[in-house]
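Secondary and tertiary structure notes
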Amino acid sequence: MVIFCFLQIPSGVFSLFYHFRLAKTSKKQADDAALSFILGVEIFNTILWLLIYIIIFCCQSSFISPLFLWLMAGICLADAVAAFFFYFRKDKTSTATFISRRIAKCLTSRAKTVKSRSDAITLGFVSCLPELLFTLPLYITCSAFLQDENALPRAILIIIAVVIAVVPLFVIRAFFRTDHNLAEIQRLRVKLKPHFRFILLLAYIAATITLIDLAIINM
Amino acid sequence: MKNSDNKTRKDPFNDAEKLLKLHAKGLGIPAGAAEDFIKRSIAAAKKALKSKTIITDADLTRAISKELKKYNSDLAYIYKNYDIII
């Protein structure tokens, strides 16, 4: 779950979006639009969780076989390496991510031109798509493990997972509401970038070790 | 500005000015002060780039943000880096 907090594309899009909304509307309207963006991210996470959970549920047989565990461990290890070396671009003075510059420019221009609430929700939804490479294995692994839980703990865990994913957006929103501007927030994000990379690496390695451990036990 | 095909070319300095005004408003800089130092920065950047035959986006951004730094470092930072935030 921690991994979702440290992925930076939705945070970057959200910062830009809030900044441009402040430039074009009042503080209250910018804040309302920000909540719509966060709702878009929540909708994406919820749909993905439920979809993967339902697919795994419909497969009827137990998903947690040693083969599945070794496969997911391998993917998490690959994601660990990718998150550390490739997630952020080499430029030390920016938080530019691995996505192509064309897509980044498209997201930036959308963040600038969004007007209505539905557009803000769509932008929040779309900003999560590029990170599926890093988040999809986590959704699949967690959904497979949730099959074995009872209904109430399962529901609570899914709700916690969906809520945790938007904690960074609420932090950024709190910064904007306390009269910090985009420059200060961006300088802070650049300063924390090495820490984010390291935490992502550690989190993915922890997931890999847990999966390998379970694979060995299940063999 | 029109080229030989009689089509109007966009002035990159005008686009930069509009973007800077938008950023200044987002950063909460008072409109009057922002307009003043944006105009001064763009005039200084135009002077600095006068000798160049071809002006790239990077040249424009560098020249304007260099001048803007003297007046407001936050605005200069955002203008230089807003397209590498994501």
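First things first, this report covers the structure right here in the doc.

A count of helical and extended segments in chain A gives 10 helices and 0 strands. Starting at the N terminus and walking to the C terminus, you meet the elements of chain A as α-α-α-α-α-α-α-α-α-α. For 219 residues, the compact-globule estimate of 2.2 N^0.38 gives 17 Å, and the C-alpha radius of gyration of chain A, at 18 Å, lies within 12% of that figure. Taken along the three principal axes of its C-alpha coordinates, chain A extends 60 × 35 × 30 Å. Buried residues in chain A amount to 46% of all 219 residues. Within chain A, counting contacts between residues at least 6 apart in sequence, those at least 24 apart form 84% of the total. Carbon and sulfur atoms provide 72% of the accessible area of chain A, an area that totals close to 10,900 Å².

To continue, consider helix H10 (residues 182–218) of chain A. The largest bend in H10 of chain A amounts to roughly 45 degrees and is located at leucine 192 of chain A, with the proline proline 194 of chain A lying one to four residues further along. For H10 of chain A, the capping residue at the N-terminal end is asparagine 181 of chain A, with a side-chain oxygen 3.1 Å from the backbone nitrogen of alanine 183 of chain A.

This part covers the layout of surface pockets. In this structure, the largest pocket occupies an estimated 850 Å³ of space. Surrounding the largest pocket, 24 residues form its lining, Lys105 of chain A together with Asp57, Thr61, Tyr82 and Asp83 of chain B being those nearest its centre. Contributing elements (two or more residues each) for the lining of the largest pocket: helix H5 (101–113) of chain A together with helix H1 (12–26), helix H3 (57–68) and helix H4 (73–81) of chain B. Taken together, the residues that form the lining of the largest pocket break down as 10 nonpolar, 5 polar and 9 charged.

With that out of the way, let us pick up the interface of chain B and chain A. On the chain A side, the residues contacting the 16 residues of chain B number 29 residues. Taken together, the two surfaces of chain B and chain A that pack against each other cover about 1,900 Å², and 64% of this comes from carbon and sulfur. A per-residue breakdown of the area chain B buries against chain A is headed by Tyr77, Ile85 and Ile86 of chain B, which together make up 41% of the total. Counting the contacts that link chain B with chain A gives 1 salt bridge.

Residues and elements named next belong to chain A. Evaluation of the coordinates by the stated rule reveals 1 cavity of 30 Å³ or more. Taken as a whole, the largest cavity encloses approximately 150 Å³ of empty space. In this structure, the largest cavity is lined by 15 residues; those nearest its centre are Phe4, Pro10, Cys128, Glu131 and Ala165. Of all the secondary structure elements, the ones that give two or more residues to the lining of the largest cavity are helix H1 (2–6), helix H2 (9–24), helix H3 (27–58), helix H7 (132–146) and helix H9 (167–177). The biggest single contributor to the lining of the largest cavity is H3, with 3 residues. Taken together, the residues that form the lining of the largest cavity break down as 11 nonpolar, 3 polar and 1 charged.

Judged by side-chain polarity, Leu39, Ile43, Ile47, Leu51 and Ile55 of chain A come together as a nonpolar surface patch covering roughly 420 Å² of accessible area. Tracing the sequence through the fold places isoleucine 43 of chain A in helix H3.

At aspartate 179 of chain A, a residue that is not glycine, the phi angle is positive and equals roughly 65 degrees. Within the secondary structure, aspartate 179 of chain A is located in the loop between H9 and H10.

Before going further, it helps to examine the environment of valine 162 of chain A. Residues and elements named next belong to chain A. Locating valine 162 in the fold gives a position in helix H8 (residues 151–164). With relative accessibility at 9%, the residue valine 162 sits in the buried group. Not counting residues up to four positions away in its chain, the partners in contact with valine 162 are Glu42, Asn45, Thr46 and Trp49.

In helix packing, the relevant descriptors are the interaxial angle and the interaxial distance, both defined with respect to the helix axes. Residues and elements named next belong to chain A. The interhelical angle for the contact between helix H4 (residues 66–85) and H7, taken along N-to-C directions, is 150 degrees, at an axis separation of 10 Å. As the angle between them shows, H4 and H7 are arranged roughly antiparallel. Where H4 crosses over H7, the handedness of that crossing is left-handed. Contacts between H4 and H7 involve Phe68, Leu69, Met72, Ile75, Asp79, Ala82 and Ala83 from the first element and Leu133, Phe134, Pro137, Ile140, Thr141, Ala144 and Phe145 from the second. Along the lines of polarity and charge, the residues of the contact of H4 with H7 split into 12 nonpolar, 1 polar and 1 charged.

Attention now goes to the packing of H3 of chain A against H9 of chain A. Residue and element names in this part refer to chain A. At a minimum axis distance of 11 Å, the contact between H3 and H9 shows a crossing angle of 175 degrees. As the angle between them shows, H3 and H9 are arranged roughly antiparallel. Of the residues in H9, those in contact with Asp31, Leu35, Phe37, Ile38 and Val41 of H3 are Leu169, Phe170, Arg173 and Arg177. The residue makeup of the contact of H3 with H9, split by class, is 6 nonpolar, no polar and 3 charged.

What follows concerns H1 of chain B. All names here are of chain B. In this model H1 runs 21 Å from its N-terminal to its C-terminal C-alpha over 15 residues, within 8% of the 21 Å that 1.5 Å per residue would give. Between the side-chain oxygen at the start of H1 and the backbone nitrogen of phenylalanine 13 there is a gap of 3.2 Å, and the oxygen is on aspartate 11. Backbone geometry just after H1 places glycine 28 at a positive phi near 80 degrees.

Calculation criteria
Residues numbered from 1 in each chain as written. Chains lettered and ligands numbered in written order. Predicted model: local features only at pLDDT ≥ 70, side-chain atom pairs only at ≥ 80, totals over all residues. Heavy atoms only, no water. Helix = DSSP H or I, 4+ residues; strand = E, 2+ residues; numbered from the N terminus. Rg over C-alpha atoms; globule rule 2.2 N^0.38 Å. Buried < 20%, exposed > 50% of the residue type's maximum accessible area, 1.4 Å probe, protein only. Contact = heavy atoms within 4.5 Å. Areas by Shrake-Rupley, 256 points an atom, 1.4 Å probe, with all protein chains shown as cover. Bend = angle between axes of the 7 residues up to and from the residue. Polar contact = N/O pair within 3.5 Å; in protein donor to acceptor, adjacent residues only side chain to side chain. 1 Å grid on protein atoms, 1.4 Å probe; cavity = no way out; pocket = protein on both sides within 12 Å on 5 of 7 lines; lining within 4 Å. Points joined across faces, edges and corners; volume = space filled by probe spheres on them. Nonpolar A, V, L, I, M, F, W, Y, C, P; charged D, E, K, R; others polar. Buried area = accessible area lost by both parts, 1.4 Å probe. Salt bridge = Lys/Arg side-chain N within 4 Å of Asp/Glu carboxyl O. Patch = residues over 30% accessible without salt bridge, like charges linked within 9 Å, V, L, I, M, F, W, Y side chains within 5 Å. Axes fitted to C-alpha atoms, helices over the stretch in contact; angles between N-to-C directions. Parallel < 35°, antiparallel > 145°, perpendicular 65-115°, else oblique. Left-handed = near helix turned anticlockwise from the far one by under 90°. Expected span 1.5 Å × (residues − 1).

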